[in-house]
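Analysis of the macromolecular model
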Amino acid sequence: MTIGLNHCLLLSAALFAIGLYGVLSKRNIIAVLMGVELMLNAVNINFVAFNRFTPVSDLTGQLMAVFAITVGVAEVAIGVALAYRIYNDRQTINVDELDNMKG
Amino acid sequence: MSEMLGTLVFYAVAFVILATALGVVTSKNLVHSALLMTACFIGVGVLFIWLSADFLGAMEFMLYSGGVAILVVMGVMLTKRQDGPPGNPFNHRKITALGLVILFVLVMSTVIVSTPVPSGSYVSADTVDALADMMLNKYILAFEIAATLLLAALVGAIILAKGDGEA
């Protein structure tokens, strides 16, 4: 049996679901960031799989994945800087306690 | 024979990706989560190479399993509590989240299985040349915007981490 588009899409859906579970159920802000990274990777797998297994004529899907990776890396840099700042100001990175915008 | 080998490689890589991703979510120690996340990114990079996207695979190795992993480990170390290893607890919405995620998987797999797959495939002989050509001709505006975004993110991260007036 050959591996086709469906196998890659199912794998990517499962990875996205695991990341979503991490985002929804974790208490630590860094763990939530890790979940977001897993979800971004699932999206990239989708881009590349569609580019590989559908009748297209250029690498647009892979180029979109390049831009998605760029945005993901910028996002994690900002996220870690924010977590560090919040920890410095409030001595906690529990997202359940961070319900007050006025420090 | 080589087709069977390809199938085998796909299932092995898929197993590694899903097992390490589950480990990231369920591990009790945040440092173990970060290491498993690196392994997951390496698996995704291998999958990209398997999908004949070799440039993206190299990019995934360098940026995600290199850069992002180090950033996250730094974040874990900088925000650690004094007592014991950095924990990774669940919040009180664990069951609701699990239900939502199972619903998501059911809906997505139904959609994927019931949608007809377009036949055909595309393999580029040289992904680096093709990507560079597209990036600097047709998609030059998106390329410049991405460069500006990276600059803004870099400056913003420094300002956020050092604080107003200190930077």
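For every chain, the first residue of the written sequence is number 1, and numbering continues from 1 onward in sequence order. Chains and ligands are labelled by the order in which they are written, letters from A for the one and numbers from 1 for the other. Per-residue local features of the predicted model are confined to residues with pLDDT of at least 70, and side-chain atom pairs are confined, for both listing and counting, to 80 or more; whole-chain, interface and lining totals are unaffected and use all residues.

Some words on the overall build of chain B
For chain B, the helix and strand inventory stands at six helices and zero strands. What counts as a helix is a DSSP run of H or I of at least four residues, what counts as a strand is a run of E of at least two, and both are numbered from the N terminus. Seen in sequence order, chain B has helices and strands lined up from the N terminus as α-α-α-α-α-α. For chain B, the C-alpha radius of gyration of 20 Å lies well beyond 15 Å, the compact-globule estimate for 167 residues. Principal-axis analysis of the C-alpha atoms gives chain B an extent of 55 × 45 × 30 Å. Counted over contacts in chain B with a minimum sequence separation of 6, partners at least 24 positions apart contribute 55%. Restricting the calculation to C-alpha atoms gives the radius of gyration, and the globule rule supplies 2.2 Å times the number of residues raised to the power 0.38. In this description, any two residues whose backbone-derived C-beta atoms lie within 7 Å of each other are considered to be in contact.

Quick word on the environment of Gly79(A)
Residue position: Gly79(A) is located in helix H3 (residues 60-90). Exposure classification rests on a simple neighbour count of other C-beta atoms within 10 Å of a residue's own: a residue reaching 20 or more is buried, one at 12 or fewer is exposed, and one in between is partly exposed. C-beta atoms are placed from the backbone. With 22 C-beta atoms counted inside 10 Å, the residue Gly79(A) sits in the buried group.

Points about the interface of chain A and chain B
With 63 residues of chain A in contact, the opposing surface of chain B contributes 71 residues. Secondary structure elements with two or more residues in the side of chain A that touches chain B: helix H1 (5-25), helix H2 (29-53) and H3 of chain A. Among the elements that take part in the side of chain A that touches chain B, H3(A) stands out by supplying 20 residues, more than any other. Each residue is assigned to one of three groups, with Ala, Val, Leu, Ile, Met, Phe, Trp, Tyr, Cys and Pro labelled nonpolar, Asp, Glu, Lys and Arg labelled charged, and all others, Gly among them, labelled polar. Here the side of chain A that touches chain B is composed, by residue class, of 44 nonpolar, twelve polar and seven charged.

Re the domain arrangement of chain B
Domain parsing of chain B yields domain 1 (1-90) and domain 2 (124-167). The gap between the C-alpha centroids of domain 1 of chain B and domain 2 of chain B is 23 Å. Reported domain spans reflect what an automatic or database domain assignment gives.

Some remarks on the environment of Ser25(A)
Mapped onto the elements, Ser25(A) comes out in helix H1. Spatially, the C-alpha atoms of Ser25(A) and Gly35(A) are 9.8 Å apart, while their sequence positions differ by ten residues. The residues contacting Ser25(A), other than those within four sequence positions of it, are Phe90(B), Asn91(B), Arg93(B), Lys94(B) and Ala97(B).

Concerning helix H4 (residues 94-114) of chain B
Its 21 residues give H4(B) an end-to-end C-alpha distance of 30 Å, which sits within 8% of 30 Å, the value for a rise of 1.5 Å per residue. When you tally the buried positions in H4(B), you get one out of 21 residues, a small fraction of the element. Expected span of a helix: the number of residues minus one, times 1.5 Å.

What about the packing of helix H1 (residues 2-26) of chain B against helix H2 (residues 30-50) of chain B?
Residue and element names in this part refer to chain B. At a closest axis distance of 8 Å, the pairing of H1 and H2 adopts a crossing angle of 155°. In this view, H1 runs roughly antiparallel relative to H2, as classed from their interaxial angle. For the element pair H1 and H2, the recorded crossing hand is left-handed. In this structure, H1 contributes Val9, Phe10, Val13, Val16, Ile17, Thr20, Ala21, Gly23 and Val24 to the contact, and H2 contributes Ser33, Leu36, Met37, Ala39, Cys40, Gly43, Val44, Val46, Leu47 and Trp50. Across the contact of H1 with H2, the residue classes tally to 15 nonpolar, four polar and no charged. The angle between two axes is taken between their N-to-C directions and runs from 0 to 180 degrees, where each axis is a line fitted to C-alpha atoms and a helix contributes only its stretch in contact. An angle counts as roughly parallel when it lies under 35 degrees, as roughly antiparallel when it exceeds 145, as roughly perpendicular when it falls between 65 and 115, and as oblique in every other case. Crossing handedness is read from the near helix: turned anticlockwise from the far helix by less than a right angle, it gives a left-handed crossing, and turned clockwise, a right-handed one.

Observations concerning the nonpolar core
Core analysis: the biggest nonpolar cluster contains 67 residues, and Leu15(A), Ile30(A) and Val72(B) have the highest contact counts within it. At the level of secondary structure, the elements contributing two or more residues to this core comprise H1, H2 and H3 of chain A together with H1, H2, helix H3 (54-78) and helix H6 (140-162) of chain B. Among the elements that line this core, the one with the most residues is H2(A), at 13 residues. Once residues within four sequence positions are removed from consideration, Ile30(A) is found in contact with Ala83(A), Ile93(A), Leu30(B), Val72(B), Gly75(B), Val76(B) and Thr79(B). To define a nonpolar core, we join buried Ala, Val, Leu, Ile, Met, Phe, Trp, Tyr and Cys residues through C-beta atoms within 7 Å and take the resulting set.

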